[in-house]
Amino acid sequence: MAFDSSVFFGALFSTAFLNGALVTVFLALLSHGVGILISIPAALYISGPPSPLRWLVKGVLGVLRGAPTLLQLLFVWNALPQFFPVFREPWFSPFLAAWIALSLNEAAYQTEINRAALGAIDPGQKAAGVALGMTRFQILRKILLPQAVRVALPSTANEFITLLKITSLASVISLSELMSVTSRAVATTFQFTEYYAAALVYYLVMVYVLVFLQSRLERRLVWNTSAAEASPGMLQKAMAFYRRS
Amino acid sequence: MIRVENISKRYGDFLVLDKVSLSIAKGAKVVICGPSGSGKSTLIRCMNYLAPHDTGAVSIDGVEPKNRRACEAVRREVGMVFQNFNLFPHLTILENCILAPMMTRKLSRAAATERAHQYLKRVHIAEQASKYPSQLSGGQQQRVAIARALCMEPKAILFDEPTSALDPEMVGEVLDVMVELAGDGMTMVCVTHEMAFARKVADQIVFMDKGQIVEVAPPEQFFTAPTSARAKTFLSQLQH
């Protein structure tokens, strides 16, 4: 079967695919944003001494981490309206359901990343802040978090890439994200290759734009300025590779 | 100005401090020494409530803080220099020095920067202000740590083995700064194994063993004629 490039380019530049990709990106950004907002206090909280409430929080995080994302999506979309009548109103859209489910799921993963990052900081850092008479909040904001961000950044970016791809699961709750747009196009035309290739291009572009931003951010956050000058960015590396070959 | 009254502290089953009392006058230079595990570092960490004591009382200038806020306020008056420097690696030398004065003393950036340059000059490191801690040698980092403590303009400074993590070559430059500081009249409490420094600067040597203060004496007397048997063995070990 031949590859019909006009179908491929038609799909690539169609508003349906573009809209699908935008839904994918926004869903991933919003879910990760909320996930991070929940995860920072959660990571700080579970790092404290054991208590019944901490076990409970850890238990909830464990369920969110352990349950398949697909199950969580279906649960929020189908089961939540059965428990709470408010979710039966028309404002409860597939996007909102996916946002809630993915945010909670992401919060659980991100909490682990943040907990590990906070744990990686030398206890002497906190001691130095305490000895200078800084408050707990000041120590957290000015000393611990800036250092934890640097440790957590690579795993967080990785997590975001995973999340971006996981948003395709939201097609099962009829959200018109990139993958469901693709499936719909395929279902009516049976031109698998062209539409899948167009979707692939979108996913790759989204992921690699993110990888590029991540490497930029990591470079900016390097403590030692000489190390920042010494390690080339992705673009420089790619150009060097191109020149060599 | 620092009063330690009958404090005890346990880590689990281990009694680190056993009813220790010590009084440090304004302007005094006190060196705490003793074998490892004798509770020296814990005692000095009790003096700014970094390691809270279980029983007894610690007061600074007659104030015994009862809550966290009061502890934070008292700590601003008592600087601390750590064995491992504990500089903030994500901040430049200057930023290390101005952070706490700006956050806790509500100094403007300009005023804090001016003060920082003044103290960095005093520890002979003014030209490194824009570098990061990882770009400095151990001795330089420890001098920055001293400047960072000085920027709070504390009434006293606690030194917790300030030269133990340094290469032998760099011990001198840190001790020189400490000697100058002592000459300026700063109240200093120092846990150290540098006996030559103790002899030169201290007006009191506190010798500890097994969580207790065994002997308190002026350096001349302590080094030439210690009264306790434990101090005698400790000093004979140092001769080697």
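Residues numbered from 1 in each chain as written. Chains lettered and ligands numbered in written order. Predicted model: local features only at pLDDT ≥ 70, side-chain atom pairs only at ≥ 80, totals over all residues. Heavy atoms only, no water.

Trainee: How should the side chain of H32 of chain A be read in this particular structure?
Mentor: Residue and element names in this part refer to chain A. Mapped onto the elements, H32 comes out in helix α2 (residues 15–46). We classify H32 as buried; its relative accessible area is 4%. Once you skip the residues sitting within four places of it in the chain, H32 turns out to touch E106, Q110, T156, E159, F160 and L163. (Helix = DSSP H or I, 4+ residues; strand = E, 2+ residues; numbered from the N terminus. Buried < 20%, exposed > 50% of the residue type's maximum accessible area, 1.4 Å probe, protein only. Contact = heavy atoms within 4.5 Å.)

Trainee: Got a minute to help me understand the pattern of salt bridges in this structure?
Mentor: Charged atoms that come close allow side chains of opposite charge to pair. All names here are of chain B. Inspection of the entire model under this criterion finds 13 salt bridges over all chains. In this structure, E72 and R69 form a salt bridge, with 3.0 Å as the shortest nitrogen-oxygen distance. Placement of the pair is E72 and R69 together in helix α2 (residues 68–75), with a separation of three residues, close to one helical turn. What makes E72 buried here is its relative accessible area of 2%. One salt bridge connects R122 with D184, and the closest N-O pair in it is separated by 2.9 Å. (Salt bridge = Lys/Arg side-chain N within 4 Å of Asp/Glu carboxyl O.)

Trainee: Can you walk me through the interface of chain A and chain B in this structure?
Mentor: How large an interface is tends to be reported as the accessible area lost when its parts come together. With 24 residues of chain A at the interface, the matching set in chain B holds 25 residues. Between chain A and chain B, the buried area comes to about 2100 Å², and carbon and sulfur atoms account for 63% of it. Where chain A touches chain B, the interface holds zero salt bridges. One can count six residue pairs in polar contact (both at pLDDT 80 or more) joining chain A with chain B. When residues of the side of chain A that touches chain B are traced back to their parent elements, those giving at least two are α6 (123–131), α7 (136–166) and α10 (225–230) of chain A. Of the residues forming the side of chain A that touches chain B, the biggest block, eight residues, is contributed by α7 of chain A. Residues belonging to the side of chain A that touches chain B are distributed by class as follows: nine nonpolar, 10 polar and five charged. (Buried area = accessible area lost by both parts, 1.4 Å probe. Polar contact = N/O pair within 3.5 Å; in protein donor to acceptor, adjacent residues only side chain to side chain. Nonpolar A, V, L, I, M, F, W, Y, C, P; charged D, E, K, R; others polar.)

Trainee: Sorry if this is basic, but what is going on with the packing of aromatic side chains here?
Mentor: By convention here, two paired aromatic rings are described through the distance between centres and the angle between planes. A complete count under the given rule lists 17 aromatic pairs over all chains for this structure. Between F17 of chain A and Y202 of chain A, the aromatic rings sit 6.3 Å apart at their centres with planes inclined by 35 degrees, giving tilted as the arrangement. One end of the pair, F17 of chain A, is in helix α2; the other, Y202 of chain A, is in helix α9 (residues 192–221), and 185 residues separate them in sequence. For F17 of chain A, a relative accessible area of 3% gives the class buried. Pairing F190 of chain A with F192 of chain A gives two aromatic rings, centres 6.4 Å apart and planes at 65 degrees, and the pair type is edge-to-face. The rings of F75, W77, F83, F84, F87, W91 and F92 of chain A are connected pair by pair, giving a single aromatic cluster. For R148 of chain B, the ring lying beneath its charged end belongs to F88 of chain B, and the centroid distance is 4.5 Å. (Phe/Tyr/Trp six-rings, centres within 6.5 Å; stacked < 30°, edge-to-face > 60°. Lys NZ or Arg CZ within 6 Å of the ring centre and 35° of its normal.)

Trainee: Explanation requested: the sheet that holds strand β4 (residues 55–60) of chain B in the structure shown.
Mentor: Sheets are built from strands that pair by backbone hydrogen bonding, the pairs being arranged parallel or antiparallel. All names here are of chain B. Spatially, the three strands line up as an open sheet ordered β2-β1-β4, and their pairing is antiparallel. Each edge of the open sheet carries a strand with a single partner, namely β2 (14–24) and β4. Going across the sheet, the axis of each strand differs from the next one's by a mean of 20 degrees, ignoring polarity. (Pairing = 2+ DSSP bridges. Axes fitted to C-alpha atoms, helices over the stretch in contact; angles between N-to-C directions.)

Trainee: For this particular structure, what's the right way to read the confidence of the model for chain A?
Mentor: Low pLDDT marks regions whose predicted coordinates should not be analysed in detail. Residue and element names in this part refer to chain A. Confidence along chain A averages 89 in pLDDT terms, with 91% of residues attaining 70 or more. Summarising per-element confidence for chain A, the mean pLDDT is lowest in α10 (48) and highest in α6 (96). With pLDDT under 50 throughout, residues 225–230 is counted as low confidence; its partners more than four residues away or in other chains account for six contacts. (pLDDT = per-residue confidence, 0-100.)

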